[in-house]
Amino acid sequence: MKKTILGLSVLFALSAHADHHKKMSVELSDVDKCYSKAIDKYPGHVVSMESEIENGRLIFEFDIKTKDGREVEVECDARKHTIHDYEVELKKGDKAFTDAAKISESEAEKIALNKYNGKIVDREYSMENGKPMYEFDIYVAKKGHEYEVEVDAVTGKIVEVEMELYDIGSED
C-alpha cells in the first residue's frame, strides 16, 4: 500500500511538473522526457509506469487511459526518448481478441511458464499491430525479479521478454 501511495505521488508530481518544466530552463529527467512524449502522442491520464530491461535497454512503460476511454500501453526508450511498442489493452473475453486468438490462454500460460518457471502475478490481453497478445507477469523467486512475457495468441511464440525493475501506480 505504501509503495502504491508513493508511486502515485511520483506520478502526480511528474504530471504536475511536466508542463511547468517545459516553460522553465530546467533539465528534464529521462522519465520526464518519456512521459511528455507518451502524453503528447496519447493524450490522457497515466495510471501506471514501469521501469524494465528489454534486450539490454532501459525502457519506461506507461499505461495510459486516453481521453477517448481506451487503455493503451506505450514503451519509451529511456536514452533515446523514442516511443514504440504501442498496445491497446483489452478485457478478458473481448470478442476481437477471442476471435483472432488461435491458442488458448492456458496454452500460452504453459509456454510462458516453460521459459520462466515462477508464479504468474498478473495477466493482460492486448492487440498489438492488429495481432492478439497474451502478457504474463511472472515472479521468479530464484532470480528475485518479475518478468513480463508476451506470447503471440496466434502462433504461440514468445515475442518479448522484459525484466521489471519497478512499477508505480495501479493497473486496475
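Being a predicted model, the structure only gives us computed values, none of them experimental. (Residues numbered from 1 in each chain as written. Predicted model: local features only at pLDDT ≥ 70, side-chain atom pairs only at ≥ 80, totals over all residues. Heavy atoms only, no water.)

## Some remarks on the nonpolar core
- Counting 17 residues, the largest nonpolar core has Phe97, Tyr134, Phe136, Ile138, Val149 and Val151 as its most contacted members.
- A per-element tally of this core places strand S6 (residues 131-140) first, with four residues.
- The contact partners of Val149, leaving out residues within four places of it in the chain, are Ala112, Tyr116, Tyr134, Glu135, Phe136, Ile138, Ile158, Glu160 and Val161. (Core = buried A, V, L, I, M, F, W, Y, C linked by side-chain atoms within 4.5 Å. Buried < 20%, exposed > 50% of the residue type's maximum accessible area, 1.4 Å probe, protein only. Helix = DSSP H or I, 4+ residues; strand = E, 2+ residues; numbered from the N terminus. Contact = heavy atoms within 4.5 Å.)

## Section: the confidence of the model for the chain
- Per-residue confidence for the chain averages 88 on the pLDDT scale, and 85% of its residues sit at or above 70.
- For the stretch residues 1-13, pLDDT sits under 50, and the model shows 13 contacts to residues farther than four places along the chain or on other chains. (pLDDT = per-residue confidence, 0-100.)

## A few points about the state of the cysteines
- Counted under the stated rule, the structure contains one disulfide.
- The disulfide partner of Cys34 is Cys76, and the gap between their sulfur atoms is 2.1 Å. Here the disulfide of Cys34 and Cys76 is left-handed, its torsion about the S-S bond being about -70 degrees. Taken together, the residues Cys34 in helix H2 (residues 30-41) and Cys76 in strand S3 (residues 71-77) connect sequence positions 42 residues apart.
- The class for Cys34 is buried, based on a relative accessible area of 0%. (Disulfide = S-S within 2.5 Å.)

## Overview of the side chain of Glu89
- With respect to the helices and strands, Glu89 occurs in strand S4 (residues 83-90).
- This buried residue, Glu89, is left without a salt bridge; Lys91 holds the nearest opposite charge, at 7.8 Å.
- Discounting residues that sit within four places of it in the chain, Glu89 has contacts with Asp63, Glu71, Glu73, Glu124, Tyr125 and Ser126. (Lys, Arg positive; Asp, Glu negative; His and termini not counted. Salt bridge = Lys/Arg side-chain N within 4 Å of Asp/Glu carboxyl O.)

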